[in-house]
Amino acid sequence: GAGVSQSPSNKVTEKGKDVELRCDPISGHTALYWYRQSLGQGLEFLIYFQGNSAPDKSGLPSDRFSAERTGGSVSTLTIQRTQQEDSAVYLCASSTLTATDTQYFGPGTRLTVL
Amino acid sequence: GQNIDQPTEMTATEGAIVQINCTYQTSGFNGLFWYQQHAGEAPTFLSYNVLDGLEEKGRFSSFLSRSKGYSYLLLKELQMKDSASYLCAVAHLLGGYNKLIFGAGTRLAVHP
């Protein structure tokens, strides 16, 4: 079946502009996660959604970052007033919350802030 | 706090065996994942260990010792396509879900 999809695959923006990144999780997966991966670094947790529960936003680095998940499926990560340090690959993952709770990742959006 | 350590880089020869180690310190441990990530691509799931011991899956095996906070990924009969980064991630049970804490990854280069 279809995996996690993300769009756009690449985004180049100017400092100070807002950007929106989209994630379509695997159908039937109730949990959705956003991560950020800077060049040569590990994955940094940003936010977690599960059903109708309040999201875990503990990883969002500043109030310029926000995310929403509509209808328990598609999610959008918004970065306002982008800064050069926001340049990274933004990865989305989804899971079914079984005992293993394996997360399956999308291909990511490479964001470059000039 | 959470701390995951793994070597930054390793090299190995095609056909050989390589072991990638991962040590961790965490509370609420709920398992350890290994992911493979080729350059420019998404991480893909390799293995999950929650109990002590060795899990074998084809050419790849993963080991866990919870008392030592230690895991390793063993790759046998290395192929050129195994050149990738290998990410160790510890699952930290938080509010009913597995919050994954990732190490920085080990970049493996396989040479002919």
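Residues numbered from 1 in each chain as written. Chains lettered and ligands numbered in written order. Predicted model: local features only at pLDDT ≥ 70, side-chain atom pairs only at ≥ 80, totals over all residues. Heavy atoms only, no water.

From N to C terminus, chain B includes 0 helices and 11 strands. Each helix and strand of chain B, ordered N terminal to C terminal, gives the series β-β-β-β-β-β-β-β-β-β-β. By the compact-globule yardstick of 13 Å for 112 residues, chain B fits well, its C-alpha radius of gyration being 14 Å. Dimensions of chain B, computed from the C-alpha atoms along their principal axes, are close to 45 × 30 × 20 Å. Sorting the 112 residues of chain B into buried and exposed places 47% on the buried side. For chain B, long-range pairs separated by at least 24 residues make up 56% of all intrachain contacts whose partners lie at least 6 apart in sequence. Charged side chains of chain B number 8 positive and 9 negative; the gap between the two group centres comes to 5 Å. (Helix = DSSP H or I, 4+ residues; strand = E, 2+ residues; numbered from the N terminus. Rg over C-alpha atoms; globule rule 2.2 N^0.38 Å. Buried < 20%, exposed > 50% of the residue type's maximum accessible area, 1.4 Å probe, protein only. Contact = heavy atoms within 4.5 Å. Lys, Arg positive; Asp, Glu negative; His and termini not counted. Charge placed at Lys NZ, Arg CZ, Asp CG, Glu CD.)

Throughout the structure, instances matching the rule amount to 8 salt bridges over all chains. Its salt-bridge partner being Arg36 of chain A, residue Glu44 of chain A comes within 3.1 Å of it at the nearest N-O pair. On the basis of relative accessible area, Glu44 of chain A is assigned to the partly exposed category, the value being 33%. Here Asp56 of chain A ties to Lys99 of chain B by a salt bridge, and the two come within 3.9 Å at their closest N and O atoms. Of this pair, Asp56 of chain A sits in the loop between strand S5 (43–50) and strand S6 (65–69) while Lys99 of chain B is found in strand S10 (residues 97–102), placing the two residues in two different chains. Judged by its relative accessible area of 15%, Asp56 of chain A falls in the buried class. Relative accessible area serves as the criterion here: at 13%, Lys99 of chain B is assigned to the buried category. (Salt bridge = Lys/Arg side-chain N within 4 Å of Asp/Glu carboxyl O.)

Another point: the sheet that holds strand S7 (residues 75–79) of chain A. All names here are of chain A. Here 4 strands make up an open sheet; going across it, the order is S1-S3-S7-S6 and the pairing antiparallel. Strand pairing shows two members of the sheet lacking a second neighbour, strand S1 (5–7) and S6, which therefore form its edges. When strand polarity is set aside, the average angle formed by the axes of neighbouring strands in this sheet is 15°. Both strand S3 (residues 19–24) and S7 contribute to a ladder of 5 bridges, which runs antiparallel. If you follow Glu20 over to S7, its bridge partner there is Thr78. (Pairing = 2+ DSSP bridges. Axes fitted to C-alpha atoms, helices over the stretch in contact; angles between N-to-C directions.)

Purely geometric numbers; function is a separate question.
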